[in-house]
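Descriptive structure summary
The residues making up each chain are set out below.
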Amino acid sequence: LAKTTQPISMDSYEGQEVNITCSHNNIATNDYITWYQQFPSQGPRFIIQGYKTKVTNEVASLFIPADRKSSTLSLPRVSLSDTAVYYCLVGDIKSTGGYNKLIFGAGTRLAVHP
Amino acid sequence: DAGITQSPRHKVTETGTPVTLRCHQTENHRYMYWYRQDPGHGLRLIHYSYGVKDTDKGEVSDGYSVSRSKTEDFLLTLESATSSQTSVYFCAISDVAGDTEAFFGQGTRLTVV
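Reading guide: rules and limits
Starting afresh in each chain, residues are numbered from 1 along the sequence in its written order. Numbering of ligands from 1 and lettering of chains from A proceed in the order in which they are written. Predicted model: local features are reported for residues with pLDDT of at least 70 only, side-chain atom pairs are reported and counted for 80 or more only, and whole-chain, interface and lining totals are derived from all residues. Hydrogens are left out, water is left out, and the side-chain values use all remaining heavy atoms of the structure. The salt bridge definition used is simple: a Lys or Arg side-chain nitrogen within 4 Å of an Asp or Glu carboxyl oxygen. DSSP calls a pair of strands paired once it identifies at least 2 bridges connecting them. Secondary structure elements follow DSSP: runs of H or I no shorter than four residues count as helices, runs of E no shorter than two count as strands, and numbering proceeds from the N terminus. Throughout, an axis means a line fitted to C-alpha atoms (over the contacting stretch in the case of helices), and angles, computed between N-to-C directions, take values from 0 to 180 degrees. Cysteine sulfur atoms that come within 2.5 Å of each other are treated as a disulfide pair. Under the scheme applied here, a residue whose accessible area is under 20% of the maximum for its type counts as buried, over 50% as exposed, and between as partly exposed, the area being computed with a 1.4 Å probe on protein chains only.

**Notes on the pattern of salt bridges**
Throughout the structure, instances matching the rule amount to 4 salt bridges over all chains. It is possible to trace a salt-bridge network through shared partners that takes in R22, K70 and D73 of chain B.

**Some remarks on the sheet that holds strand β7 (residues 70–75) of chain A**
Backbone hydrogen bonds hold the strands of a sheet together, and the pairing may be parallel or antiparallel. Residue and element names in this part refer to chain A. With antiparallel pairing, the 4 strands of this open sheet are ordered in space as β2-β7-β6-β5. Strand pairing shows two members of the sheet lacking a second neighbour, β2 (18–23) and β5 (53–56), which therefore form its edges. Here the strands of the sheet are splayed against their neighbours by 15 degrees on average, with no regard to which way each runs. Summarising the sheet, strand β6 (residues 61–64) and β7 pair through 3 bridges and their orientation is antiparallel. Considered in β7, the bridge of L62 is made with L73.

**Concerning the state of the cysteines**
Residue and element names in this part refer to chain A. Per the counting criterion, the structure on display carries 2 disulfides over all chains. Two residues share a disulfide in this structure: C22 and C88, whose sulfurs sit 2.2 Å from each other. Here C22 and C88 share a disulfide; its torsion about the S-S bond, -80 degrees, makes the bridge left-handed. Of this pair, C22 sits in strand β2 while C88 sits in strand β8 (residues 84–91), and the two are 66 residues apart along the sequence. As far as the burial class goes, C22 and C88 line up, both buried.

Don't take any of this as a statement about function, it's just geometry.
Printed below as a string of structure tokens:
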């Protein structure tokens, strides 16, 4: 499984755009990139997933450069409620014969200030 | 929200006693996982299951065992609880093989005194 590296923490202010970058230099051809969000005292929640270029949903955007060795989660106009830990995972979601261990790293702790 | 329930939600137990945590799902998902979460360590995988009676070890499996006799239930057992196993335990489920869109339970806070 590809190892991921993220900043330990980030600070932002309400209304700003936040970009969290994840490094995954050993990403494999079949690997997808997935981001989760975790609020205090809750289990993680799936945010977004992508393979290449750009993916956007109602919550966030995910930017993946051509070499796929990194990815950036973009949160537009954050609010106080976006204060959470964000995890980047890399894995082969199309595997039909195996299984995915879902290995989480330490994540990035985002603090949004008034 | 996915139908996944952990029980108990909170438990205090004494060192040396056996403890079993239960994860119950109503989604008929094939894959189930147990994690522990401690300050500064993020989520660490203990054991996972890829089908009934099919389980395997994760990153931190020592001191833990699991069983899955039915699709809907995944049990985590601490045979002899130690203070180092004080943690928050999360169960997760996912559907197809390799699906990283997993759904998590609300967690069980276990304190071993």
